[in-house]
Amino acid sequence: MSFWTTIANFFKKAVKALWSFAAPGLRQAASDFVNNPQLQQAAREAVYAAARQGLTGDKAWVSARDNLTAQLKDTGIKVAANWIDTLLQNAYFAFANSK
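Please read these numbers as outputs of a predicted model, since none were measured by experiment.

### With respect to the overall build of the protein chain
Next, step 1: Scanning the protein chain from terminus to terminus reveals four helices and zero strands.
Next, step 2: Along the protein chain, helices and strands appear, N-terminal first, in the series α-α-α-α.
Next, step 3: Along the first, second and third principal axes, the C-alpha set of the protein chain runs to 65 × 25 × 25 Å.
Next, step 4: Going through the 99 residues of the protein chain one by one, you find that 20% of them count as buried.
Next, step 5: In the protein chain, of all internal contacts separated by at least 6 residues, the share reaching a separation of at least 24 is 60%.
Next, step 6: On the protein chain, roughly 7,300 Å² of surface is accessible, and the fraction owed to carbon and sulfur atoms is 62%.
Next, step 7: Across the protein chain, the centroid of the 11 positively charged side chains sits 11 Å from that of the 6 negatively charged ones.

Spelled out as structure tokens, the structure:
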């Protein structure tokens, strides 16, 4: 076995061990975030505000995302952009299926 193969195998094992330790906590944090009723309500309000303005497509998405981001910022919540997108996607799905 070459030196580089040994090093690569060591890093694979280390990353796998770290992931198995961190994954349950990350999964729970993501679930708690997405299922938070206050955050869901904020996302719905952002989506409905864009709809009331008559916006569609990208303009509606950008408006709703800016609105939700501002609401989160006002409450002191800092999250990654993909978590905001997940909240909005869920709210848009609910909105689209409520018609």
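### Describing helix H1 (residues 3-34)
Think of an α-helix as 3.6 residues a turn; residues three or four steps apart then line up on the same face.
Next, step 1: Taking 1.5 Å per residue, 32 residues should reach 46 Å; H1 reaches 44 Å between its end C-alpha atoms and fits that length.
Next, step 2: A maximum bend of about 40 degrees is found in H1 at Ala 22, where proline Pro 24 lies one to four positions downstream.
Next, step 3: Burial in H1 covers these residues: Ala 23, Phe 33 and Val 34.
Next, step 4: Of the surrounding elements, those touching the buried residues of H1 are helix H2 (37-52) and helix H4 (81-96).

### What about the packing of aromatic side chains?
Next, step 1: One pass over the full model with this rule turns up five aromatic pairs.
Next, step 2: Taking 5.0 Å as the distance between ring centres and 75 degrees as the angle between the ring planes, the aromatic pair formed by Phe 3 and Trp 4 counts as edge-to-face.
Next, step 3: Owing to a relative accessible area of 54%, Phe 3 belongs among the exposed residues under this scheme.
Next, step 4: Relative to Tyr 92, the ring of Trp 61 lies with its centre 5.5 Å away and its plane at 25 degrees, an arrangement referred to as stacked. One end of the pair, Trp 61, is in helix H3 (residues 57-74); the other, Tyr 92, is in helix H4, and 31 residues separate them in sequence.
Next, step 5: When its relative accessible area of 24% is taken as the criterion, Trp 61 is described as partly exposed.

### Thoughts on the nonpolar core
Next, step 1: Core analysis: the largest hydrophobic core is formed by 18 residues, its most contacted members being Ala 43, Val 47, Ala 64, Leu 68, Leu 87, Leu 88 and Tyr 92.
Next, step 2: Sorting the residues of this core by element identifies H1, H2, H3 and H4 as the ones contributing at least two each.
Next, step 3: Those residues in contact with Tyr 92 that sit more than four places away from it in its chain are Val 47, Ala 50, Ala 60, Trp 61 and Ala 64.

Procedures and definitions
- Here the residue numbers are simple positions, counted from 1 along each chain's written sequence.
- For a predicted model such as this one, the threshold for reporting local features is a pLDDT of at least 70, and the threshold for listing and counting side-chain atom pairs is 80 or more; totals across whole chains, interfaces and linings nevertheless cover every residue.
- The side-chain figures draw on all heavy atoms in the structure; neither hydrogens nor water molecules are used.
- Helix and strand assignments come from DSSP, with helices taken as H or I runs of at least 4 residues and strands as E runs of at least 2, each series counted from the N terminus.
- Remark: exposure states derive from per-residue accessible area (1.4 Å probe, protein chains only) relative to the maximum for the residue type, with buried under 20%, exposed over 50%, and partly exposed in between.
- Contacts are assigned to residue pairs that have any heavy atoms within 4.5 Å of one another.
- Each accessible area is a Shrake-Rupley result for a 1.4 Å probe, and residues are judged covered by the shown protein chains and nothing else.
- Here the positive residues are Lys and Arg and the negative ones are Asp and Glu; neither His nor the chain ends is included.
- A charge is said to be at NZ when it belongs to Lys, at CZ for Arg, at CG for Asp and at CD for Glu.
- In this scheme, a helix's expected span is set at 1.5 Å multiplied by one less than its residue total.
- Fitting one axis to the seven residues ending at a residue and another to the seven starting there, the bend at that residue is the angle between the two axes.
- Here a pair means two rings of Phe, Tyr or Trp (six-membered ring of Trp) with centres within 6.5 Å. Their orientation is stacked below 30 degrees between planes, edge-to-face above 60, and tilted elsewhere.
- We call a set of buried Ala, Val, Leu, Ile, Met, Phe, Trp, Tyr and Cys residues a nonpolar core when their side-chain atoms join them within 4.5 Å.

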